[in-house]
Amino acid sequence: MPTVEFGGKTFTVDEDGFIDDYNNWCEEWVQYVKSQEGIDELNEEHKKVIQVLREYYEKNGIAPMVRVLSKVTGFKLKHIYELFPSGPGKGACKMAGLPKPTGCV
Amino acid sequence: MAQEKEKAAFICVKDTLDGAYPSLVLGINAARLGMESKIFYSFMGMNLVLEGGVDRAKFFPPGVMGAIPGMTTIATSMMKQKIAKANIPSLADLQEMAQIEGVELIACKMTVDMMEIDESKLIEGVKVWTAEEFLKYAKECKLCLFT
């Protein structure tokens, strides 16, 4: 599997750039995805989305549906796309260290 | 010079759940693959790009089941439960995601005229194209699917 280096750490990733192991998630990974996503500054809203995703994943073993993510964070879907330009899956889930969502959408 | 995007078109002519999902799912995925993606809504599919249209989409069970009074309501409810259980977004969410991700929703001009549709009732961002306009785009497409 390919690896990426960032902030002095090495991460193994899948073919779509998602971290291979949820437990290897760390601040350096967040900063790496931030740079890949072209996000200027991480704010409290980004952190809230990440926190909700990780809590949901730890409890349920899957990523939440967009409607659930929207409801729990209180952010409209459009705003989540503004925070994460690649969207809730390829942007937010990737930054939160979740595996690539397996569904079609 | 930036390389021109490959193009994809999907045609949707039914306003049922099974008519609406395929074009949206494929349209979003085409966009995610870096393609220019458009969905052309014609005939009953047009209802999906009217305000509130996706919320009215039903599922009609096939065969004689569909003829039993009340069965469509039950089948629609069951299908929506299955969709939610499989972690698939609702049609409204999917349509919003599609538009945010750059999928263009196109309404068929002939259907607009035939059904005397007030264009102000179309959801935001929907363009109206004639068959000729659509075909000019479709000719350029690498993918063109009737869903």
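Above this text sits the structure in question.
The structure displayed is predicted, hence computed values, not measured ones.

### Things to note about the overall build of chain A
No. 1: On a plain count of helices and strands, chain A comes out with five helices and two strands.
No. 2: Counting from the amino terminus, chain A carries its helices and strands in the arrangement β-β-α-α-α-α-α.
No. 3: Principal-axis analysis of the C-alpha atoms gives chain A an extent of 35 × 30 × 20 Å.
No. 4: A buried classification covers 44% of the 105 residues belonging to chain A.
No. 5: At a minimum sequence separation of 6, the contacts of chain A that also span at least 24 residues come to 53%.
No. 6: Counting every atom, chain A has about 5,900 Å² of accessible surface; 47% of that belongs to carbon and sulfur.

### What to know about the sheet that holds strand β1 (residues 7-12) of chain B
All names here are of chain B.
No. 1: The five strands are arranged β4-β3-β2-β1-β5 in an open sheet whose pairing can be described as parallel. Across the chains shown, the open sheet's two edge strands, defined by having one partner strand only, are β4 (127-129) and β5 (143-146). Across this sheet, the average inter-strand angle for adjacent strands is 25°, counted without regard to direction.
No. 2: Direction of pairing for β1 relative to β5: parallel, over a ladder of four bridges. Across the sheet, the residue bridging to Ala9 is Cys144, located in β5.

### Concerning helix α2 (residues 71-85) of chain B
Two residues of an α-helix separated by three or four positions point the same way, owing to the 3.6 residues in each turn.
Residue and element names in this part refer to chain B.
No. 1: Taking 1.5 Å as the rise per residue, α2 with 15 residues should run 21 Å; its terminal C-alpha atoms sit 21 Å apart, in good agreement.
No. 2: Listed as buried for α2 are Met71, Thr72, Ala75, Thr76 and Ile83. Projected down its long axis, α2 shows its buried positions confined to an angular sector of 130°, all on one face. Projecting away from the buried face of α2 at angles above 90 degrees are the exposed residues Thr73, Met78, Gln81 and Lys85.
No. 3: Here the buried face of α2 lies against α1 (17-32).
No. 4: Positive backbone phi, approximately 65°, marks Asn87, located one or two places after α2.

### Let's talk about the pairing of strand β2 (residues 36-41) of chain B
Each regular strand shows side chains that alternate between the opposite faces of the sheet.
All names here are of chain B.
No. 1: β2 sits mainly inside the fold: five of its six residues count as buried.
No. 2: As judged from the six bridges shared by β1 and β2, these two strands associate in the parallel manner. For Phe10, the partnering residue across the bridge sits in β2 and is Ile39.
No. 3: Regarding topology, α1 serves as the crossover connection from β1 to the parallel β2, and that connection is right-handed.
No. 4: Sheet analysis places β2 next to strand β3 (residues 104-108), joined by four bridges and oriented parallel. Opposite Ile39, over in β3, you have Leu105 as the bridge partner.

### Brief notes about the packing of aromatic side chains
No. 1: Tallied over the full model, the rule gives six aromatic pairs over all chains.
No. 2: On the numbers, 5.2 Å between centres and 65° between planes, the contact of Phe11 of chain A with Trp29 of chain A is edge-to-face. Of this pair, Phe11 of chain A sits in strand β2 (residues 9-12) while Trp29 of chain A sits in helix α1 (residues 27-37), and the two are 18 residues apart along the sequence. We note that Phe11 of chain A, like Trp29 of chain A, is buried.
No. 3: Seen from their ring centres, Tyr22 of chain A and Tyr57 of chain A are 4.9 Å apart, and the 45° between their planes marks the pair as tilted. Here Tyr22 of chain A is found in the loop between β2 and α1, whereas its partner Tyr57 of chain A is found in helix α2 (residues 44-60), with 35 residues between them in sequence.
No. 4: Clustering of aromatic rings is evident, with ring pairs tying together Phe6, Phe11, Trp29 and Tyr32 of chain A.
No. 5: The ring of Trp25 of chain A has Arg54 of chain A lying over it, and the distance from NZ or CZ to the ring centre is 3.7 Å.
No. 6: Taking NZ or CZ as reference, Lys38 of chain B lies 5.0 Å from the ring centre of Tyr137 of chain B, over its face.

Thresholds applied
- Here the residue numbering is sequential within each chain, running from 1 through the sequence in written order.
- In the order they appear in the text, chains get letters beginning with A and ligands get numbers beginning with 1.
- Local features are withheld for residues below a pLDDT of 70 in this predicted model, meaning they are given only at 70 or higher, and side-chain atom pairs are given and counted only at 80 or more; totals for whole chains, interfaces and linings count all residues.
- Only hydrogens and water are set aside; all other atoms, that is, all heavy atoms of the structure, feed into the side-chain values.
- In DSSP terms, a helix is any run of H or I states spanning at least four residues, a strand is any run of E spanning at least two, and both are numbered starting from the N terminus.
- Categorising residues by exposure relies on relative accessible area from a 1.4 Å probe, with only protein chains included: less than 20% of the type maximum marks a residue as buried, more than 50% marks it as exposed, and the intermediate range marks it as partly exposed.
- Residue contacts follow a heavy-atom distance rule, with two residues in contact if any of their heavy atoms lie within 4.5 Å.
- Each accessible area is a Shrake-Rupley result for a 1.4 Å probe, and residues are judged covered by the shown protein chains and nothing else.
- A pair of strands is labelled paired if DSSP reports no fewer than 2 bridges between them.
- All axes are obtained by fitting lines to C-alpha atoms, using only the stretch in contact for helices, and the reported angles, taken between N-to-C directions, cover 0 to 180 degrees.
- Here, expected helix span is obtained from the residue count minus one, scaled by 1.5 Å.
- Here the arc refers to the directions that run from the helix axis out to each C-beta atom.
- By convention a crossover is right-handed if, when the strands point away from the viewer, the path from the first strand over the helix to the second runs clockwise.
- Pairing of aromatic side chains here covers Phe, Tyr and the six-membered ring of Trp, requires ring centres within 6.5 Å, and sorts the geometry by plane angle: under 30 degrees stacked, over 60 edge-to-face, intermediate tilted.
- Criterion for a charge above a ring: Lys NZ or Arg CZ within 6 Å of the ring centre, and within 35 degrees of the ring normal.

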